[in-house]
Amino acid sequence: MDELMEELALAGVEDIPKDLSCDWIHAPPKGNLYYGHNHVKIITMSFDTNQVNTASLIPTCNQHMYGGPKAHVLHFPVAKQKLLNIVAFVNDPTDWPLGQPMSEPATKDEVAVVFSDWGPTVRSIIDLLTSELDKWAVFDAMDHPAPSYSRERICIAGDAAHASSPHHGAGAGIGIEDALALCELLDRVQKDRIAHGRSDRWALLETAFSVFSDVGYGRSHWLVRSSREACDIYEWIDPACGQDMTKGHEEITRRSHKIWYFDVEGMLKELEHGYARSLARF
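Computed from a prediction, not measured in an experiment: that's the story for all the values here. (Residues numbered from 1 in each chain as written. Predicted model: local features only at pLDDT ≥ 70, side-chain atom pairs only at ≥ 80, totals over all residues. Heavy atoms only, no water.)

What follows deals with the packing of aromatic side chains. Summed over the entire model, instances satisfying the criterion amount to 4 aromatic pairs. A ring pair is formed by Phe-115 and Trp-118, whose centres lie 4.8 Å apart and whose planes are at 75°; its orientation type is edge-to-face. The buried category is assigned to Phe-115, whose relative accessible area is 1%. Taking the centre distance of 6.2 Å and the plane angle of 40° together, the rings of Tyr-149 and Phe-212 count as tilted. Taken together, the residues Tyr-149 in the loop between β7 (132-138) and β8 (150-151) and Phe-212 in helix α6 (residues 201-234) connect sequence positions 63 residues apart. For the pair Tyr-149 and Phe-212, one class covers both residues: buried. In textbook terms, an aromatic cluster arises when at least three aromatic residues are bridged by ring pairs, as seen for Tyr-149, Phe-212 and Tyr-217. When the ring centre of Trp-202 is taken as origin, the NZ or CZ atom of Arg-153, which lies over that ring, is 4.0 Å away. Over the ring of Phe-262 we find Arg-219, and its NZ or CZ is 3.8 Å from the ring centre. (Phe/Tyr/Trp six-rings, centres within 6.5 Å; stacked < 30°, edge-to-face > 60°. Buried < 20%, exposed > 50% of the residue type's maximum accessible area, 1.4 Å probe, protein only. Helix = DSSP H or I, 4+ residues; strand = E, 2+ residues; numbered from the N terminus. Lys NZ or Arg CZ within 6 Å of the ring centre and 35° of its normal.)

Given below as structure tokens:
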């Protein structure tokens, strides 16, 4: 960040706000934007992805998920179909200890015990794992959400704003939506300053950040909640779906379509209108 600020200064760009944070762990924003305690309860325990060449064992073009009681396994090809990525999620009701690293050593035997009563296909997949693995905690922002993504000159986006579990595979995608929204709003701020000679740049930035929060808050926090609920569906915990995987598939499809078929142009129009309305109040 310091190197970037120096380059911008050399280019004649001054007074750049430094409190735009997107990384939940490594770039906390300055100031107290979050209210209350930030600790997020662990909801699953994940074993490290083990990449093995399984061309002679499992066709690497296959991708499947296996759901069951309080656990699920998925595998999918990576590295141009040459490697198989295997991930196992196990529900653990205990909290991950504070101050402890987010990963710790695990063993294949630990995984095998969890899935010992599952069918032969899943047990065969577990047999592919190496003897030494890692496991890590999965956190999200559902229990302690930020009340807003902006406060004055402070703005958070991406994982800093709405850290999600991986069960929809969409956290990064929503972060990209954040980036698009902020780029559009900041471009509008710059154009307003040039076209109208406005000197109140901080007020314009605060307005842009506030509109960003208003427009994106609902969708991004829906994703955080839905991703946790998706895990419950996979693991037969969801009260509506239970062990009915047909119903679970329908529900996951409905939620996935809400993510995939997002009206990006509609979001941009909402940002534009919100920004214009806010400026009209000045």
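Next comes the rest of the description.
Here strand β4 (residues 71-78) lies mainly inside the structure; 6 of its 8 residues are buried. Bridging between strand β3 (residues 64-68) and β4 involves 5 bridges; their strand directions are antiparallel. Looking at the pairing, His-64 lines up with His-75 of β4. In textbook terms, the turn of a hairpin is the stretch between consecutive antiparallel strands, and for β3 and β4 this stretch comprises 2 residues, one of which, Lys-70, has a positive phi near 60°. (Pairing = 2+ DSSP bridges.)

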